[in-house]
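If you want the building blocks of each chain, they are given just below.
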Amino acid sequence: MKKYNYTEKKDTRSGFGAGLLEAGRKDENVVALCADLVGSLKMEAFIKEFPERFTQVGIAEANMMGIAAGMTIGGKIPFTGTFANFSTGRVYDQIRQSIAYSDKNVKICASHAGLTLGEDGATHQILEDIGMMKMLPGMVVINPCDYNQTKAATMAIAAYNGPVYLRFGRPVVPIFTDPDQKFEIGKAWMVNEGTDVSIFATGHLVWEAIQAAEQLETLGISAEVINIHTIKPLDEEAVLKSVAKTRCVVSAEEHNRFGGLGDSIAQLLVQHDPVPMEFVAVNDSFGESGKPDQLMKKYGLDAEHIVKAARAVMQKKK
Amino acid sequence: MQATTIQPSAQGSSAEIDLNQLKAIASQVRRDILRMVHGCQSGHPGGSLGCTDYLTALYFKVMKRQPAFDMNGKGEDLFFLSNGHVSPLFYSILARAGYFEPAELSTFRQLNSRLQGHPTTHEHLPGVRIASGSLGQGLSVAIGAARTKKLNNDDRRVFCLHGDGELQEGQIWEAAMFAAHHRVDNLIAAVDFNGQQIDGSTEQVMSLGNLRAKWEAFGWKVLESNGNDMEAILNVLDEAIKASGKGQPVMILLHTEMGYGVDFMMGSHKWHGVAPSDEQLQQALAQLPETLGDY
C-alpha cells in the first residue's frame, strides 16, 4: 500500500486563492466577484494583481450571481466567491435560471463548506450544497481534497466551458497530493489500490480515508481508496471497476447522507452492480458550533468511523 | 402583402425609419401577440401589449444591432428582458427584426418549440441572451453585461426592461445599489409602470410608493415618459442616451397601459395572463391594422 505523508498543512481555500491568481495570469478573461468575504476566500492576491478584473458586490449574493451570468456575455469567465451556504441555498433560483438554465460559463466557488467551518455553527455549515448543485442539469460539481488539488481544480475549471460548483473549506488540512498534478474534471484519482472494500471519498474525507486504510491494513483488510473529487459528472467507470473487484463499498463525505456523493454512487450501483454499501456522512441533521476535529468526530466523519463502516460492510458481503 | 420582416441595415436598426413606420410595426407586433396567445390559449397578453411601443422603438430605431445574432454581442447594443412573461412581445419583436422567421411564432408555448413560455437560451433561439421568468434577476444580468462591455472597451450600451410588480423582488434593489456604486453608466433600464400585477393593482397588492424618489435615492438618473406614445418614447430614449456615460445608471419610468391597443383589454389587470376567445380575438384584431403580413 502506498504511504502518504505530509510536511505541511494548509486550508483548501488558500489553494483556491492561489489557483485563481494562476488562472487569471493564464487567461485575461478570468474575472472575480466577491460578496464581502475577500479575506475568507483568499482573493487578495488576484485583486492586487488584477484590480480592474475584480468586482466587489457587497452583501448581495443574488445580485452577484446575476452579474456573473451577465459578465459571461462578451466572453468573461467569472469566478464568484462566498461561503458555500451563501453560494447555493441562498441563491438557488438565481443559479438555476440565470446560470444553469441559461448555460452561462460561471464558476461558483464556495468556501467554508460543511461542518469544518467550525465555531460559527449550523447557520453557516451547509451540508446540503452538493445535493442542490448536482441536481441542476449541466452543473459540474467538484470537491477537492487538499491545497494542491484545489489549486489545480481552480485552474482546470477556468479552462472548462460551462457552469461549475467548486467546493472547498476553511480548516488547515494535510497537503498530500502532487503540487504539479494535472486535474482532470470527472476523472477519479486512485489513491490506493486494494481488494477487500472500496472507499470512495471526497473533500476533507480523503485524508481520513487514507488513515482508515492504514488502520484496516493492520487488521488484515486491503482497502481501495479512490478520491472522487468530481461528484458530477461521476467517474462511473472507476467506481464500477473498483466494485467489480471488492464487492462492497463505503462512501465518505462532509455532507448530509441525503443528496451527496453516497447517493450518486448508490444510484449507479443499484442500476449496474448492486453490492452492500455504508455511508459515512452526516445523518440528516444540522451541525453545531465546535472545533472542526471535534465536530468531525461527533458527527462520525473521521478515519475511525470509516474503519467501522468498512468492517460492517464487509460482513454483508455475499 | 408587404415583407414580413424589417431587415436591419448593416448598423442594425434603421436611423431613417419614421414615426409612422414604427407605429405600423407596433400594430403588427400587437397582432402577433394576440394571435400567439390565442393560438395556444396561454400566455400574458396584457403586459405584452403595453410594452409593445417601447420595444418597437428600441429594436427598430434606437439600438445599434448586428444583423446576425452572436451571444457575446461585442460592438452592439444589447437588450435584456427581465419580466420574461411578456415573451409573446419579445418573440414577435425578434422575428420581425429578422432574428428568425415570423412563421415560427405559431409554435409559441407548444411542445418542441424554441419559443418557450418564458424566454430561454436553452433552445438556442437567436436574439435571447438569458433565461427570464422568475422575476427580479434581469437587472443584475444587464449590469454584468454592461461591466463586461467596459472591460472590453466596447462603447455600446445595455438596455433592459422590468415589470413594476417585479420591483417587489429584493434582488432588484441589490442591483440598484450596485449600479450606482459602481457607476454603471452604460446601462439604460426601463420599468413598465402600468400599476397592475396578477392579483390586482400594485397599490392594492404591494404599494411601490414614490418610484422616482426611490430610484433617485439609490443614485440613478430617472426619466419618465408616456410608454404608449411613440414620439414621447423616442424623445425619452434620446434623453436617456444623452444622460448615459455620465457616471450614473439611467432609469426610464414608462407610464403604460396594460392591454394598450385593444379597447376591452385596457385599464384592468384581468388580461395579465388570460388568452382571448375566438370572438375576442376577432374583435381585437379589428382594431389593429395588419401592416407586415400575419405569420
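Calculation rules
Residues numbered from 1 in each chain as written. Chains lettered and ligands numbered in written order. Predicted model: local features only at pLDDT ≥ 70, side-chain atom pairs only at ≥ 80, totals over all residues. Heavy atoms only, no water. Helix = DSSP H or I, 4+ residues; strand = E, 2+ residues; numbered from the N terminus. Polar contact = N/O pair within 3.5 Å; in protein donor to acceptor, adjacent residues only side chain to side chain. Contact = heavy atoms within 4.5 Å. UniProt positions renumbered as here; feature names shortened; annotations may be inferred. Buried area = accessible area lost by both parts, 1.4 Å probe. Salt bridge = Lys/Arg side-chain N within 4 Å of Asp/Glu carboxyl O. Buried < 20%, exposed > 50% of the residue type's maximum accessible area, 1.4 Å probe, protein only. Arc of directions from axis to C-beta. 1 Å grid on protein atoms, 1.4 Å probe; cavity = no way out; pocket = protein on both sides within 12 Å on 5 of 7 lines; lining within 4 Å. Points joined across faces, edges and corners; volume = space filled by probe spheres on them. Nonpolar A, V, L, I, M, F, W, Y, C, P; charged D, E, K, R; others polar. Domains from an automatic or database assignment. Pairing = 2+ DSSP bridges. Axes fitted to C-alpha atoms, helices over the stretch in contact; angles between N-to-C directions.

S.K.: Go over the side chain of A:T116 with me, naming the residues and quoting the values.
M.R.: Residues and elements named next belong to chain A. Here T116 is to be found in the loop between β5 (107–111) and α6 (129–134). One polar contact links T116 to E254, side chain to side chain, over a distance of 2.7 Å. With sequence-adjacent residues up to four places away left out, T116 is seen in contact with R170, P171, H204, E254, P292 and M296.

S.K.: Summarise the UniProt feature "domain: Transketolase-like pyrimidine-binding" (unreviewed entry) in chain A; cite the residues concerned and give the values.
M.R.: As annotated in UniProt, the feature "domain: Transketolase-like pyrimidine-binding" (unreviewed entry) corresponds to residues 10–175 of chain A in the numbering used here. Regarding residues 10–175 of chain A, the helix share stands at 39% and the strand share at 19%, and the terminal C-alpha atoms are separated by 7 Å.

S.K.: I'd like to hear about the interface of chain A and chain B, residue by residue, with values.
M.R.: Every contact between the two is made by 28 residues of chain A and, on the other side, 30 residues of chain B. Between chain A and chain B, the buried area comes to about 2300 Å², and carbon and sulfur atoms account for 51% of it. When the area that chain A buries against chain B is broken down by residue, the three leading residues are A:I73, A:Q97 and A:Y101, summing to 27%. Connecting chain A to chain B are zero salt bridges. Where chain A packs against chain B, one counts 22 residue pairs in polar contact (both at pLDDT 80 or more). Every element with two or more residues in the side of chain A that touches chain B is listed here: β3 (54–56), α3 (61–71) and α5 (92–100) of chain A. Of the residues forming the side of chain A that touches chain B, the biggest block, eight residues, is contributed by α3(A).

S.K.: Please give an account of helix α9 (residues 278–285) of chain B that cites residues and values.
M.R.: Residues and elements named next belong to chain B. Every buried residue of α9 is accounted for by L281, A284 and L285. Buried residues in α9, looked at end-on, bunch into an arc of 95°, giving them a common side. Exposed residues lying more than 90 degrees from the buried face of α9 are E279 and Q282.

S.K.: Go over the layout of surface pockets, please, and point to the residues and values.
M.R.: All names here are of chain A. Taken as a whole, the largest pocket encloses approximately 320 Å³ of empty space. Lining the largest pocket are 15 residues, and of these V172, V173, E208, D293 and M296 sit closest to its centre. Every element with two or more residues in the lining of the largest pocket is listed here: β8 (172–174), α8 (205–218) and α11 (292–298). Counting residues per element, the lining of the largest pocket draws most heavily on α11, at four residues. Residue composition of the lining of the largest pocket, by class: eight nonpolar, two polar and five charged. A domain split of the lining of the largest pocket shows at least three residues from each of domain 1 (9–174) and domain 2 (189–315).

S.K.: Explain the sheet that holds strand β9 (residues 189–192) of chain A to me, using residue names and the numbers behind them.
M.R.: Residue and element names in this part refer to chain A. Pairing within the open sheet is mixed, and its five strands lie in the order β9-β11-β10-β13-β14. Only two strands of the sheet have a single partner each, and these edge strands are β9 and β14 (277–282). Strand-to-strand twist of the sheet, defined as the mean angle between neighbouring strand axes without regard to direction, takes the value 25°. One ladder, built from five bridges, connects strand β13 (residues 249–256) with β14; its direction is parallel. Opposite S251, over in β14, you have F279 as the bridge partner.

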